[in-house]
Every structure is written in structure tokens, then in C-alpha cells.
Amino acid sequence: EQLLGCCVSPDGLRVALACDDGVLRAYDVDRPDAVITQRHSFAPFSAVTYAPSGLSIATGSDDGTVKMWDASNGDMKAHFLAHIRPADEGRRQPKKAFPVHALCYDKSSTKLVSCSADGTLKYWLRMVKEEGGMMGLVNTAEAEDEATSLEKREIKRKRLTSQMMTHRTEEMPIDDRIARQKRKDRERKK
């Protein structure tokens, strides 16, 4: 397996690794054997972070999911479809998963932020007292993705081109009138 990400526990005694085989591995720093080995997904994942309390580990995968694990025994505490766009039948767009690139807990370990290739930051709040339990989406900040940005620029370019062509069409008769007037003025002077 290839190592894609790592994180040290707040007490400095464990290291959590994110690997391309989709497996979370955690090691005690003084032992070579993994103390936690859990499959996040069959997709690679690189986002891994310990909660500041040290009680849970969050992982984010290329399949758009985020999972939270008990840091002591590796039991999964929560699993949510964080960055998966639902299918849009009207626009004929299939369901699409966006890789989760990074995760970050707040100081109290009650809030988690995830960022993804879909151009969003999502702010999650723990909904139950038990750490690592159910998380609810509180807010989403969206960056304009490149495709949307290019599409908007192309629409704007076409609109401006259209306006310029309309302007030229409207100005042509005026230019013709001015040219005729200048010719008449020259003929009078002769």
C-alpha cells in the first residue's frame, strides 16, 4: 500500500495513516504492529485527523464519504455521505462522488470541517453527546468550480460579443449618415 496521509494523536503516542488501499491504520509509536486496521472504503483516502480530545479519528475518502472511528479500538462511530452530489434526472447528471481532501476538528472536538474536490467546505456539528457519534451538516461554503467558472466566462463572452454585434449593427446606419454628410460637405466646398 502507498501512504497518502498521516496524523499524530494529540498525546503523541499514536500515528494514524491513510493509505491508497482504503484502510485506516494506527500504530503506537513504540510498536511496529498496527493497533487499528479498519477499511474506510475500497477507494483510496488521504484525509485523516485525530480529534483534539484524542478519542476519535476522522477519515475522508475519494468516494466522498467521511467516517469517524473510536481512537482506542477502531470501532466505526459515524459514517456520512459528505461530498456526494445526488443524481439530477432533469439535467441527466448521474450521482457523483468528490474526493475528500482534508478534515479538521475544532478545539472542542464537537465540530468537523471537510473540504472536497467539489469546491465546498462543509461544517459538521456533533449531534449526540458521545464523541464521534452522529454529525449534522451545519453550513456549506462553495467555491466556484473551474467548469462552472469557464462556463460562466463563455456565456459572458458570448453575451458581450452579441452586444458588440448589435451595437455595430445599430451604428452602421449612423456611420453611413455621417459619411454621406461629410461627402455632401466636401461637394459643397468645391
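Starting from 1, residues in each chain are numbered consecutively following that chain's sequence as written. Selection of residues for local features in this predicted model requires a pLDDT of at least 70, selection of side-chain atom pairs for listing and counting requires 80 or more, and totals for whole chains, interfaces and linings are taken over all residues. Side-chain metrics rest on all non-hydrogen atoms present in the structure, leaving aside hydrogens and water.

> Talk me through unusual backbone geometry; I want residue IDs and the actual numbers.
The phi dihedral of Ser109 falls on the positive side, at around 65 degrees, and the residue is not glycine. Only DSSP runs of H or I covering at least 4 residues are called helices, and only runs of E covering at least 2 are called strands; the numbering of each starts at the N terminus. Considering the arrangement of structural elements, one finds Ser109 in the loop between strand E11 (100-105) and strand E12 (111-116). For every residue, the accessible area (1.4 Å probe, protein chains only) is compared with the maximum for its type, and the residue is labelled buried under 20%, exposed over 50%, or partly exposed between those bounds. Judged by its relative accessible area of 2%, Ser109 falls in the buried class.

> Pulling in residues and values, what's your account of the sheet that holds strand E5 (residues 45-50)?
By definition, two strands form a pair when at least two bridges between them are found by DSSP. Across the sheet, four strands lie side by side as E5-E6-E7-E8; this open sheet has antiparallel pairing. Single-partner strands in this sheet number two, and they are E5 and strand E8 (76-80). Averaged over all pairs of adjacent strands, the angle between their axes in this sheet comes to 15 degrees, without regard to strand direction. Relative to strand E7 (residues 66-70), strand E6 (residues 56-61) is paired through five bridges, and the arrangement is antiparallel. When the bridges of E7 are listed, Ala58 appears paired with Met68. Note on method: axes are straight lines fitted to C-alpha atoms, helices fitted across the in-contact stretch only, with angles between N-to-C directions ranging 0 to 180 degrees.

> Describe the nonpolar core, with residues and values.
With 13 residues, the main nonpolar core has Ala58, Val66, Met68, Phe80, Leu103, Tyr105 and Leu112 as its most contacted residues. When residues of this core are assigned to their parent elements, the largest contribution, three residues, is made by E11. Of all hydrophobic cores here, the second largest spans 12 residues; its members include Ala18, Leu24, Phe45 and Ala71. Among buried residues, the Ala, Val, Leu, Ile, Met, Phe, Trp, Tyr and Cys ones that are joined through side-chain atoms within 4.5 Å form a nonpolar core.

> Kindly report on a positive patch on the surface, identifying the contributing residues and their values.
What makes a patch is a set of residues exposed beyond 30% relative accessible area and free of salt bridges, joined within 9 Å when like-charged and within 5 Å when nonpolar (Val, Leu, Ile, Met, Phe, Trp, Tyr). Only the protein chains shown count as cover for residues, with accessible areas throughout obtained via the Shrake-Rupley method and a probe of 1.4 Å. We define a salt bridge as a contact between a side-chain nitrogen of Lys or Arg and a carboxyl oxygen of Asp or Glu at a distance within 4 Å. Counting rule for charge: Lys and Arg are taken as positive, Asp and Glu as negative, and neither His nor the chain ends is counted. To locate a charge, take atom NZ for lysine, CZ for arginine, CG for aspartate or CD for glutamate. Judged by side-chain charge, Arg180, Lys182, Arg183, Lys184, Arg186 and Lys190 come together as a positively charged surface patch. Tracing the backbone through its elements, the reader meets Arg183 in helix H1 (residues 146-189).

> Help me get a handle on the sheet that holds strand E4 (residues 34-39), residues and values and all.
Taking strand neighbours across the sheet as the criterion, the four strands line up as E1-E2-E3-E4 in an open arrangement whose pairing is antiparallel. Since the sheet does not close on itself, it has two edges, and those belong to strand E1 (3-8) and E4, each with one partner. Strand after strand, the sheet turns through a mean of 20 degrees between neighbouring axes, direction not considered. For strand E3 (residues 23-28) and E4, the ladder comprises five bridges, and the chain directions are antiparallel. Paired with Tyr27 across the strands is Ala34, a residue of E4.

> Which residues make up the state of the cysteines, and what are the values?
Note on terminology: disulfide denotes any pair of cysteine sulfur atoms within 2.5 Å. Enumeration over the complete set of coordinates arrives at zero disulfides. Cysteine Cys115 shares no disulfide, and the gap to the nearest cysteine sulfur, in Cys104, comes to 9.6 Å.

> If you had to explain the pairing of E5 to someone new, which residues and values would you point to?
Summarising burial for E5: five of the six residues are buried, a large majority. Bridge analysis of E5 against E6 gives five bridges, and the strand direction is antiparallel. Paired with Ala47 across the strands is Gly60, a residue of E6. Counted along the chain from E5 to the antiparallel partner E6, the turn is five residues long, and its residue Gly54 has a positive phi close to 80 degrees.

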